[in-house]
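Examination of the molecular architecture
Residues per chain, in single letters:
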Amino acid sequence: IIPHPVNCLRGYYYCQMLWRQSIHSRSIFGVNRLLRILLFISFGTSDVQGFSSSPRNSDYKWLIVGGGLHGVHVAARLKDAGQEMIGIADDAPYLLYNWKRRTENTGMTFLRSSSSHHLDIPVDSLRNYAIQHHEKKGKSKKKKKKKKATVSAVLNDRSLFAADYHRPSLRLFNQHCDHVMNKYGLQQHHARGKVEEIIPHSNHVKVNIGGNWVTAENIVLCLGSDDPKVPEWIEELPFPLRHVLDTTKKDGPDETQSKVCVIIGGGISAVHKALHLIAADATSTVVVHIISRHSLREQQFDTNQDWMMDAYNAQRSIAKGGKGYPDRVKEFQQQPCPNQRRAIIRRERVPGTIPTALSRGKGGLQEAIRKGSIQWHVGEVERCETNWMESSTITDLLLSTGDTISNVDTVIAATGFGTNAPGQAIIQDLSARYNLSLSPCGYPLVNDNLQWQGHSRIFCAGALAELELGPSARNLAGARMSSERIVATVDAGAIRQ
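By the element assignment, Thr395 lies in strand β12 (residues 393-399). We classify Thr395 as buried; its relative accessible area is 1%. The residues touching Thr395, leaving out its near neighbours within four places in the chain, are Leu237, Pro238, Phe239, Cys384, Glu385, Thr386, Ile405, Ser406, Asn407 and Val408.

And the structure:
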């Protein structure tokens, strides 16, 4: 590398001046200044660590990239810990937009997780919210009896909580989410715009949000998946395919008016959607065909509950004489190889399952199958055949089993997301340009504090941190685990200043 002559001349006189000031030049401060000058002359940068220096003032102390469940919970946790100057960058019209649209698309009525998993900090916050907003019937003379009766009435109110695990209704959960955002004023922290570029510096991070550059002392990547998988044969359809996780597609026929509807996928979203369609109209004659690569799989949660234990509950376990984190969690944390950790996640996180209540409960899948309103096919679509008539079209789907589903007028995909890391374009760009560590599977390698290895001011949460958090990282339990670690890092002063 040939230094520019002007830079050499400036460097020479400035170094000579500093050297004369021996009180500075022979101290660490002076040596550091000399080194920065030499680096500037040779490489065009003045930072020893390879990242450029920053202005003292920042737009945000914390910028959270992603306004979904994980981003909102991390923001709430930071606010609860006394952190200010928080921003939440998201391109959606409002926070939790994608969550609310997608759950509405599926027709979900109750969450899969228990009432202890939500966006507030106290574990019993959702239950307390339900109690405070429950319409109290009757009066009791004693407050304790009244309170006990109220708690019992709320938990047994099947419009609020399911009988198993006190799973909250979607309506109650969303109301509580709005309550949490109002409690911490999070909608006012929404910086609307797509994050187009992230540039890390030595003591700050610059982020391009919709063409506007902002500066943050720290950022938390709470990116969710945004690439719904679709089958290759959809191009043969004479009408638009719908995906339950697509928040943008609005055209196409009204699916509630369908007579023969096909749903691709055998997991909880597919079953929610099927039950929603047959329940939309009591007089409806719609027949819903679910096409799945596997037979019906029942499992209460998509991972074992051991993986959902956060630090708070581990401490409670120890305080009561327990062992804290379960053995499988300890073994995962002791595994140094990211490939082995990925193998554990694949083994422990079972896709395409539905909880027992959705399968065997009243108005559930198996009841609908017995009635003939839902048919379950184990196989795949091999091809689509369309006969064009003068006034209409007739579409048939030919399956790998040899069966044919005739006169199909609606096809809905409930096939989940792709296998790439969320926000892959940003992740790959950061890794390639700034030497931030990636695992062989393309996910960030983070430390115990969820700081991306290579830069202490970039944190990862949710799915992006699953090689550290384990199989439940994508769930609400993972949001709580992420936020605990990030706030603990702040409290411990583990962020390089």
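Now that the structure has been shown, we can carry on.
Moving on, we get to unusual backbone geometry. Despite not being glycine, Asn407 shows a phi value in the positive range, around 55°. Structurally, the position occupied by Asn407 is in the loop between β13 (404-405) and β14 (410-413). The phi torsion at Leu450 lies on the positive side, around 70°, for a residue other than glycine. Looking at the secondary structure, you find Leu450 in the loop between α15 (424-434) and β15 (458-460).

Ordered in space as β11-β12-β13, the three strands form an open sheet in which the pairing is antiparallel. The sheet terminates laterally at β11 (381-388) and β13, the two strands that pair on one side only. In the sheet, β11 pairs with β12 via seven bridges, with the strands oriented antiparallel. Bridging from a neighbouring strand, Thr386 pairs with Thr395 of β12.

Next up on the list: the packing of aromatic side chains. Per the stated rule, a full pass over the model turns up five aromatic pairs. Seen from their ring centres, Trp99 and Phe173 are 5.7 Å apart, and the 65° between their planes marks the pair as edge-to-face. With Trp99 in helix α5 (residues 97-106) and Phe173 in helix α8 (residues 170-184), this pair connects stretches of sequence that are 74 residues apart. A single burial state applies to Trp99 and to Phe173, both of which are buried. Between Arg341 and the ring centre of Phe332, over which it is positioned, the NZ or CZ distance is 4.9 Å. Over the face of the ring belonging to Tyr443 we find Arg342, whose NZ or CZ atom lies 4.6 Å from the ring centre.

Turning next to the sheet that holds strand β7 (residues 242-243). As summarised here, the arrangement of the five strands in space is β7-β14-β8-β9-β10, forming an open sheet in which the pairing is parallel. Here the strands that pair on one side only, and so sit at the sheet edges, are β7 and β10 (374-378).

With that out of the way, let us pick up the pattern of salt bridges. In the structure shown here, the tally under the stated rule is 21 salt bridges. When the shortest N-O distance is used, the salt bridge between Arg102 and Asp226 registers 3.1 Å. Placement of the pair is Arg102 in helix α5 and Asp226 in the loop between β6 (212-221) and β7, with a sequence separation of 124 residues. A relative accessible area of 59% means that Asp226 is categorised as exposed. The salt bridge partner of Glu466 is Arg474, with a shortest N-O separation of 3.0 Å. For Glu466, a relative accessible area of 1% corresponds to the buried category. For Arg474, a relative accessible area of 31% translates into the label partly exposed. Each member of the salt-bridge network shares a partner with another, and the members are Asp306, Arg328, Arg347 and Glu348.

Cut-offs used in this document
Residues numbered from 1 in each chain as written. Predicted model: local features only at pLDDT ≥ 70, side-chain atom pairs only at ≥ 80, totals over all residues. Heavy atoms only, no water. Helix = DSSP H or I, 4+ residues; strand = E, 2+ residues; numbered from the N terminus. Buried < 20%, exposed > 50% of the residue type's maximum accessible area, 1.4 Å probe, protein only. Contact = heavy atoms within 4.5 Å. Pairing = 2+ DSSP bridges. Phe/Tyr/Trp six-rings, centres within 6.5 Å; stacked < 30°, edge-to-face > 60°. Lys NZ or Arg CZ within 6 Å of the ring centre and 35° of its normal. Salt bridge = Lys/Arg side-chain N within 4 Å of Asp/Glu carboxyl O.

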